Amino acid sequence: MNSSLDRLKARCERLRSLDLACQAIHSTLDPEKALDLVLREAVRLTAASSGSIVLVNPTTGLLETQAARGLPPQAARLRLRVGEGLAGWVVRTGRPASVADVLADPRYIMVRPQVRSELAAPLEVEGEVRGAILVDADRPGAFGAEAQALLHELARRASVVIRNTWLHEQLRHKARLFESLFVLGQSIQSALSLDEALGTITRAAATLMDGKMSALHLLDEERAWLDLRASHGAGAAYLTNSRLGVDESLLGTVVRRRKPLQVADVR
């Protein structure tokens, strides 16, 4: 009877700790702070020695460390393909993982030599696995079924927080963008010449898109060539090639199709 009561009390205490953890991670809408809070609570709830949160970079498709605790600095620079390492396996399969001895598991990639066991849970946002949360311990078999359940439930609730912080950040970005576009419109209207207006547009384009260089080409009268009319941050090599054929260039493709085009690698 006492043992059953003790187990019930222990479970109630763990659930209370989980609720407190969820209250903590809901306390901010800043994405970086939210991830750090999630990881802090994950390490605390599971009594782990270290941990990390990895998310899929939508541009490169690689897993990148977004938060880390108790890990060496080089861990933050680690990049993994989906399916690579224990984190990649969790993201690819969408299943949690518990490794009692990392030295005996071929999926594990060593980032801290003292680690002996690891626990990982997927982070699912809007029906898609976008990352994983991992915690480590310095002794084999450190994580039992209760720790696995706690981490999995924390990951489930944290996914909601991550989604909300991302949405909030998107709204903030859009607000800044609209404000900048409004200021840009006023600057263009006050320009005294076409060249001045085009120069303002290229400078603003580089700033708004966080780009190193921007350029503006206009069609000639025959609509066969695109002539460089304004640029910002362009090097000498780009400026010497100031005329592009509509039928033979990447920019010409945009003109012919009348649609925007994004190229991941212009090489």
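Computed from a prediction, not measured in an experiment: that's the story for all the values here.

Calculation criteria
- In this convention, every chain numbers its residues from 1, walking through the sequence in written order.
- Only residues with pLDDT of at least 70 are given local features in this predicted model, and only at 80 or more are side-chain atom pairs given and counted; all residues enter the totals for whole chains, interfaces and linings.
- As a rule here, side-chain values come from all non-hydrogen atoms in the structure, and water together with hydrogens is ignored.
- Secondary structure elements are taken from DSSP: a helix is a run of H or I of four residues or more, a strand is a run of E of two residues or more, and numbering for both begins at the N terminus.
- Exposed residues in this analysis have more than 50% of their type's maximum accessible area, buried residues have under 20%, and partly exposed residues fall in between, with area computed by a 1.4 Å probe over protein chains only.
- By definition in these notes, contact holds between two residues if any of their heavy atoms fall within 4.5 Å.
- What sets the accessible areas is the Shrake-Rupley method with a 1.4 Å probe; for residues, cover comes only from the shown protein chains.
- Here the expected span of a helix is defined as 1.5 Å times the quantity of residues minus one.
- When a carboxyl oxygen of Asp or Glu is within 4 Å of a side-chain nitrogen of Lys or Arg, the pair counts as a salt bridge.
- Buried and open spaces are told apart on a 1 Å grid over the protein atoms alone, a cavity being a set of points where a 1.4 Å probe fits but cannot get out and a pocket being an open set with protein on both sides within 12 Å along at least five of seven lines. Residues with an atom within 4 Å of a point are the lining residues.
- Grid points are joined across faces, edges and corners, and a volume is the space filled by probe spheres set on the points.
- Three classes are used: nonpolar for Ala, Val, Leu, Ile, Met, Phe, Trp, Tyr, Cys and Pro, charged for Asp, Glu, Lys and Arg, and polar for all others, with Gly counted as polar.
- Aromatic rings from Phe, Tyr and Trp, with only the six-membered ring used for Trp, were paired whenever their centres fell within 6.5 Å, and each pair was classed as stacked if the ring planes differed by under 30 degrees, edge-to-face if by over 60, and tilted otherwise.
- By the criterion adopted, a ring carries a charge over it if an Arg CZ or a Lys NZ lies within 6 Å of its centre and within 35 degrees of its normal.
- We call two N or O atoms a polar contact when they sit within 3.5 Å, provided that within protein one can donate a hydrogen and the other can accept it, with sequence-adjacent residues counted only if both atoms are side-chain atoms.
- The pairing criterion is simple: DSSP has to find at least two bridges between the two strands.

Enquirer: Even after reading the chapter, I still don't get the overall build of the protein chain, so can you show me in this structure?
Expert: Secondary structure summary: the protein chain contains seven helices and nine strands in total. A total of 267 residues make up the protein chain; the buried ones form 36% of that total. The contacts in the protein chain between residues at least 6 apart in sequence include a share of 46% that link residues at least 24 apart. Here the protein chain has roughly 16400 Å² of accessible surface; of this, 53% comes from carbon and sulfur atoms.

Enquirer: I keep staring at the environment of V111 and nothing clicks. Help me out?
Expert: On the secondary structure map, V111 appears in the loop between strand 4 (97-99) and strand 5 (117-125). Given a relative accessible area of 22%, V111 falls into the partly exposed group. Considering only alpha carbons, one finds V111 and Q74, 37 residues apart in sequence, at a separation of 8.0 Å. Every residue in contact with V111, bar those within four places of it in the chain, is listed here: L71, P72 and L78.

Enquirer: How should I be thinking about helix 5 (residues 194-208) in this particular structure?
Expert: Compared with the 21 Å implied by 1.5 Å per residue over 15 residues, the 21 Å span of helix 5 between its first and last C-alpha is a close match. For helix 5, the complete set of buried residues consists of A197, L198, G199, T200, T202, A204 and A206. A positive backbone phi angle near 55° is found at D210, which sits one or two residues after helix 5.

Enquirer: Would you mind showing me how to read the pattern of salt bridges here?
Expert: Pairing of side chains with opposite charge becomes possible as their charged atoms draw close. Evaluation of the coordinates by the stated rule reveals eleven salt bridges. Residue E84 pairs with R81 through a salt bridge whose shortest N-O separation is 4.0 Å. Residue classification places E84 among the partly exposed residues on the basis of a relative accessible area of 26%. If you follow the salt bridges from partner to partner, you end up with R40, E41 and R44 in one network.

Enquirer: For this particular structure, what's the right way to read empty space enclosed by the protein?
Expert: Vacant regions in the atomic arrangement are exposed by a probe of water-molecule size rolled over the atoms. Tallied over the entire structure, the rule returns one cavity of 30 Å³ or more. Only strand 1 (50-56), strand 2 (62-69), helix 3 (85-93) and strand 6 (128-137) provide two or more residues apiece to the lining of the largest cavity. Along the lines of polarity and charge, the residues of the lining of the largest cavity split into twelve nonpolar, three polar and three charged.

Enquirer: Even after reading the chapter, I still don't get the packing of aromatic side chains, so can you show me in this structure?
Expert: Describing an aromatic ring pair means giving the distance of the ring centres and the angle of the ring planes. For the structure on display, the rule yields zero aromatic pairs. Directly above the aromatic system of W89 lies the positively charged group of R107, at a separation of 4.5 Å from the ring centroid.

Enquirer: For this particular structure, what's the right way to read helix 3?
Expert: Most of helix 3 sits out of view: seven of its nine residues are buried. If you check which residues of helix 3 are buried, you get G85, L86, A87, G88, W89, V90 and V91. Those residues of helix 3 that are buried lie in contact with strand 1, strand 2, strand 3 (79-81), strand 4, strand 5 and strand 6. The positive-phi residue at the C-terminal boundary of helix 3 is G94, with phi of around 70°.

Enquirer: Explanation requested: the side chain of T200 in the structure shown.
Expert: Relative to the elements of secondary structure, T200 occurs in helix 5. When its relative accessible area of 13% is taken as the criterion, T200 is described as buried. Side-chain polar atoms of T200 contact the side chain of R203, separated by 3.3 Å. For T200, the contacting residues outside a window of four places in its chain are L184 and S187.

Enquirer: Please clarify how unusual backbone geometry should be interpreted in this entry.
Expert: Peptide bonds are, in most cases, trans, and in most cases residues other than glycine have a negative phi. With a phi angle near 55°, A47 is a residue other than glycine that sits in the positive phi range. By the element assignment, A47 lies in the loop between helix 2 (31-46) and strand 1. Phi is positive for D210, which is not a glycine, with a value near 55°. Tracing the backbone through its elements, the reader meets D210 in the loop between helix 5 and strand 7 (214-219). Take D210: its relative accessible area is 71%, and that puts it in the exposed class.

Enquirer: Would you mind going over the pairing of strand 2 with me for this structure?
Expert: When a strand is regular, its side chains alternate between the sheet's two faces. Two strands pair when backbone bridges link them, and strand 1 and strand 2 are joined in this way by six bridges, in the antiparallel orientation. Paired with I53 across the two strands is A67, which belongs to strand 2. Remark: five residues form the turn of the hairpin made by strand 1 and strand 2, two consecutive strands paired antiparallel; G61 in that turn has positive phi of roughly 75°.

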